[in-house]
Amino acid sequence: MKSFDHGVEELLKVIELGRQQWLLGAGASVESGIPLMYPLTTRVRACLGGNDLTLFDAVMADLPNNSHVEHTLSHLGDLIALASRSKKQTAFIGSNEVPLADMEAAYHSIIKWIATTVRYGYRASSSTKAEEIGKSDNPIVDVEAHLKFVHQVFNGRANLEPRSQVGFITTNYDTLLEDALAMDRRIALDGFSGGGIAYWSGDSVDPSAPAGNKSHKVLKLHGSVDWFRDPNMGLLRVRYGVKYLSDLASTLIYPQATKYLETQKDPFARIFDCFRRTLRISENHLLGIVGYSFGDDHINTEIEHALSDRNNKTVVIAFSREVDGSAGPSLCPTLKRWLGSDQYGSRIYVATNKALYNGSHRHTPPLVSPELSWWTFDGVTKFLESGAAV
């Protein structure tokens, strides 16, 4: 049986691959002052008022108890679609018949407050800390963790600078990754052309397009707080604080259930095509996954399809937390399925707070307390720096 230390050495060899993609989920931004879904739900609800709040609560009342703001947007989006096709231009929420215009107004208000919260930050209160609310004149979002991560990806133990075929994928609405790349004197290729205000073309994120020195493709799978859909000018990336293009209700971010539908339209059709082609390159490459909870089936499916291709050579390292249950610590079902695959399980590594997995093997460290912290965003950064399980 392989030891834990031997498993870590194998993991380090994978991290030295010259071709890399790093997928960042919401957990990568939480320490920077951007809330996860349930605190975000609480904050958005606190910002709503009048009829928007009434409809928000009514939709939440119709949903399962574990629902959050993205589920609310999804459900409201479905109701808007139904109402827009009906003769009366209405839909029922609970026992109340609600006009289409009211639902659209609530939907855009929710989008606006999500965008505002992600832009400026929010930390819920705890037993030791008071609530923190970021504002335009006093934001609390901090880029330092992302800056350290980007620096270690290229200048850490593996020293990837001479072989910088590295790209990034994110489900997050924030701009921390792009900001960190710029602060590390790198160019984030996100599909837009221009300066502080830029227009969408999609060319720069195409896997077949050369990236150039210190230029790195960034695929934002779910939109961004600085993407706006203008009815006359199309999709734009805009800077904060200008009078024009300032309606946050036009921010291009999408909720849970409608994400798949939106991937059939630009810019998301183009972005997901690039995501799919990036995963399916024939050369050996790493897909590192950090802060992602595997809750988006359309993303999991694309990764799984790529891994299942006979010619595919993707090696996955997922940094993820095992949750304690009645039967002991357990991985999420998606990672369990990938590790158990006869076809590609040997190319799956999962680094958790309890152990290191590779295919059917589970390697536990000699000391199990305190727990391993390399599954966190900060822990991944330290692992890239030192090569030691943190």
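Shown above is the structure to which this text applies.
Every value quoted in this text rests on a predicted model; they were computed, and no experiment measured them.

1. Quick word on the nonpolar core
Phase 1 of the analysis: Judged by nonpolar contacts, the single largest core of 70 residues is most densely connected at Trp22, Ile114, Phe149 and Phe168.
Phase 2 of the analysis: Among the elements that take part in this core, helix H5 (residues 100-120) stands out by supplying 9 residues, more than any other.
Phase 3 of the analysis: In this structure Trp22 touches Phe149, Val153, Val166, Gly167, Phe168, Ile169, Leu286, Gly288, Val290, Phe319, Val380 and Leu384, once residues within four positions along its chain are discounted.
Phase 4 of the analysis: Listed in part, the 38 residues of the second largest apolar core include Ile169, Leu221, Leu331 and Leu335.

2. Quick look at the packing of aromatic side chains
Aromatic ring pairs: the centre-centre distance and the angle between the two ring planes describe each pair.
Phase 1 of the analysis: Scanning all chains against the criterion turns up 13 aromatic pairs.
Phase 2 of the analysis: Measuring from centroid to centroid gives 5.3 Å for Phe192 and Trp200, while their planes differ by 70°, and the two rings are edge-to-face. The exposure classification of Phe192 matches that of Trp200, with both residues buried.
Phase 3 of the analysis: Between Phe272 and Phe275, the ring centres sit 5.9 Å apart and the planes meet at 90°, which makes this aromatic pair edge-to-face. Taken together, the positions of Phe272 and Phe275, both in helix H9 (residues 268-279) and 3 residues apart, correspond to about one turn of that helix.
Phase 4 of the analysis: For Phe272, a relative accessible area of 3% translates into the label buried.
Phase 5 of the analysis: Take Phe275: its relative accessible area is 0%, and that puts it in the buried class.
Phase 6 of the analysis: An aromatic cluster is present here, built from Phe4, Phe319, Trp374 and Phe383 joined pairwise through their rings.
Phase 7 of the analysis: Positioned above the aromatic ring of Phe154 is the side chain of Arg186, whose terminal nitrogen or guanidinium carbon lies 3.7 Å from the ring centre.

What counts, and at which threshold
Residues numbered from 1 in each chain as written. Predicted model: local features only at pLDDT ≥ 70, side-chain atom pairs only at ≥ 80, totals over all residues. Heavy atoms only, no water. Core = buried A, V, L, I, M, F, W, Y, C linked by side-chain atoms within 4.5 Å. Buried < 20%, exposed > 50% of the residue type's maximum accessible area, 1.4 Å probe, protein only. Helix = DSSP H or I, 4+ residues; strand = E, 2+ residues; numbered from the N terminus. Contact = heavy atoms within 4.5 Å. Phe/Tyr/Trp six-rings, centres within 6.5 Å; stacked < 30°, edge-to-face > 60°. Lys NZ or Arg CZ within 6 Å of the ring centre and 35° of its normal.

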